[in-house]
Each structure stands twice: as structure tokens, then as C-alpha cells.
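A structural walkthrough
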Amino acid sequence: VISAAASTVNGRYLVTTANSTIRVWDLEDGSLIKSFSHRPFTFTTVLMSPDGATCVVHGDDAMIWLYDVATWTLRDSMNTGATIGASAYSPDSKRIAFTRLGECRVFELLSKQLLATIAHEYHFSNSNAVQFSTDGRSLAIMNTNVDVYETASWTLAYHLDGKQLMTGIQWFPD
């Protein structure tokens, strides 16, 4: 059973995960390009960097795996420190945000430096989504509410009360 899928920015490849296996499909002819697995845990998420260079996969543990899209080889891995919930790339492909255990952590990918830890006040342990704005100046974290943080200072800019469980967020360009 496929648990996650994402296409590359150019639309050429589709990456799928099923249990602990990652598969890369060529969308021009439907062929399987590569299939690999290197861990016992189930992958649950696939993210493509906006610049098209990196594919990130993670499961329900603390690890993320970064693959070079040009060669489909493992570029790096990183332990985020705790179980990962939702995740999102920044528009410049330099940062990645993960929700986890009552907080959101934002990392600079090249250095693996933790840039921010945002403790959430409103039922954050059940966050369903995290998303950078299209200009990268804001980060929205969602569950029954949406909290929007300024990425320059990581301070709360807005609290939007949803009054019910929401299932997704999306920014629209101006």
C-alpha cells in the first residue's frame, strides 16, 4: 500500500513510499527507475524541494532522509530529535519545518542547524499541517486553529480560531 507520493518539480518523476521502500517512477514511460530501502521503519511522507534538487522522506520516527534528485542517491540524513508529524519546505529550499510533540522545529538543511523551536499553545500535539508562505516570510501551523508566525523573528503574528478540526492549509501568491 502506497503511503506517500510526490512528483518532482519538473513533473518527470514520481516518488512513492510503501512500508520501508522508496520507488522512483519515470512518468514519461511509466517505468520503475529505482527501488531502495535502508531502514526498518515505515516511510509516511515524501517532500520535493522547491528548487527540484532534493527529495526528503520521513516516517513516524525522528529521522529524515535527503536524496539527490539527479542521481537518486542518499545525500544525507538527519535526526530531528523526536517523532515527526507534519513537515514543509521553505520556498528557497534552505529550511524545513517539522511538527513534533507540542512544538515545531525549523532547521537549516545544509548545516542541520536548528533555527527555531516554536512551542504551540493551542492543541499543537495534534497538528495536521505546517506550511511556509510563498514568500517564506511566514509559517502557518494548523490543527483546530491556525497560528501564523513571522519567520524573521519566529513570533506569533496571527491566531485564527477554526473552532473545528481542519485537515489542510495552503498559501496563495499575492
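Residues numbered from 1 in each chain as written. Predicted model: local features only at pLDDT ≥ 70, side-chain atom pairs only at ≥ 80, totals over all residues. Heavy atoms only, no water.

Within a regular strand, the side chains alternate between the two sheet faces. Burial of strand β6 (residues 54-59) is extensive: six of the six residues sit out of reach of the surface. Burial along β6 is two-sided: T54, V56 and H58 and C55, V57 and G59, pointing in opposite directions, are all buried. Here strand β5 (residues 43-48) pairs with β6 via five bridges, running antiparallel. Along β6, the bridge assignment pairs L47 with V56. Taken together, β5 and the strand that follows it, β6, pair antiparallel across an intervening segment of five residues, in which G52 is found at a positive phi of about 80°. Pairing of β6 with strand β7 (residues 63-68), which is carried by five bridges, proceeds in the antiparallel orientation. Looking at the pairing, H58 lines up with I64 of β7. Hairpin connection from β6 to β7: three residues lie between these consecutive antiparallel strands. (Buried < 20%, exposed > 50% of the residue type's maximum accessible area, 1.4 Å probe, protein only. Helix = DSSP H or I, 4+ residues; strand = E, 2+ residues; numbered from the N terminus. Pairing = 2+ DSSP bridges.)

Another point: the nonpolar core. By size, the foremost hydrophobic cluster in this structure holds 17 residues, and its most contacted members are V15, V46, M48, C55, V57 and W72. Sorting the residues of this core by element identifies β1 (4-7), β2 (13-18), β3 (21-26), β5, β6 and β7 as the ones contributing at least two each. Those residues in contact with V57 that sit more than four places away from it in its chain are T17, I22, F43, T45, V46, M63, I64, W65 and Y67. Ranked by size, the runner-up nonpolar core spans 13 residues in total, among them V106, F132, L139 and Y149. (Core = buried A, V, L, I, M, F, W, Y, C linked by side-chain atoms within 4.5 Å. Contact = heavy atoms within 4.5 Å.)

Take I169: it is sitting in the segment after β16 (155-161). When near neighbours in sequence (up to four residues on either side) are disregarded, I169 contacts A129, V130, Q131, A140, M142 and V146.

Moving on, we get to the layout of surface pockets. Estimated volume of the largest pocket: approximately 340 Å³. Those elements giving two or more residues to the lining of the largest pocket turn out to be β5, β9 (87-89) and β13 (129-132). Taken together, the residues that form the lining of the largest pocket break down as 13 nonpolar, nine polar and no charged. Looking at the second largest pocket, its volume works out to about 250 Å³. (1 Å grid on protein atoms, 1.4 Å probe; cavity = no way out; pocket = protein on both sides within 12 Å on 5 of 7 lines; lining within 4 Å. Points joined across faces, edges and corners; volume = space filled by probe spheres on them. Nonpolar A, V, L, I, M, F, W, Y, C, P; charged D, E, K, R; others polar.)

Another aspect to go through is the sheet that holds β1. Spatially, β1-β2-β3-β4 is the arrangement adopted by the four strands of the open sheet, whose pairing is antiparallel. Two strands close off the open sheet at either side, each with one partner strand: β1 and β4 (32-36). Averaged over neighbouring strand pairs, the angle between their axes works out to 15° when direction is ignored. Relative to β2, β1 runs antiparallel, the two sharing four bridges. Paired with A5 across the two strands is T16, which belongs to β2. (Axes fitted to C-alpha atoms, helices over the stretch in contact; angles between N-to-C directions.)

This paragraph deals with the pattern of salt bridges. If you walk through the whole model with that rule in mind, you get six salt bridges. The salt bridge partner of K112 is D76, with a shortest N-O separation of 3.0 Å. Here K112, found in the loop between β11 (103-108) and β12 (113-119), pairs with D76, found in strand β8 (residues 73-79); they are 36 residues apart in sequence, far enough to count as distant. You can call K112 partly exposed: its relative accessible area is 35%. Each of the salt bridges in this network shares a partner with another, and the network as a whole consists of R12, D26 and E28. (Salt bridge = Lys/Arg side-chain N within 4 Å of Asp/Glu carboxyl O.)

Let us look at the packing of aromatic side chains. For the coordinates displayed, the defined rule picks out three aromatic pairs. Between Y13 and W72, the aromatic rings sit 5.8 Å apart at their centres with planes inclined by 80°, giving edge-to-face as the arrangement. Taken together, the residues Y13 in strand β2 and W72 in the loop between β7 and β8 connect sequence positions 59 residues apart. Each member of the pair Y13 and W72 is classed as buried. For the ring pair F36 and Y67, a centre distance of 4.9 Å and an interplane angle of 50° mean the geometry is tilted. With a gap of 31 residues between them, F36 in strand β4 and Y67 in strand β7 connect regions that are remote in the sequence. The pair formed by F36 and Y67 is uniform in burial state, with each residue classed as buried. (Phe/Tyr/Trp six-rings, centres within 6.5 Å; stacked < 30°, edge-to-face > 60°.)

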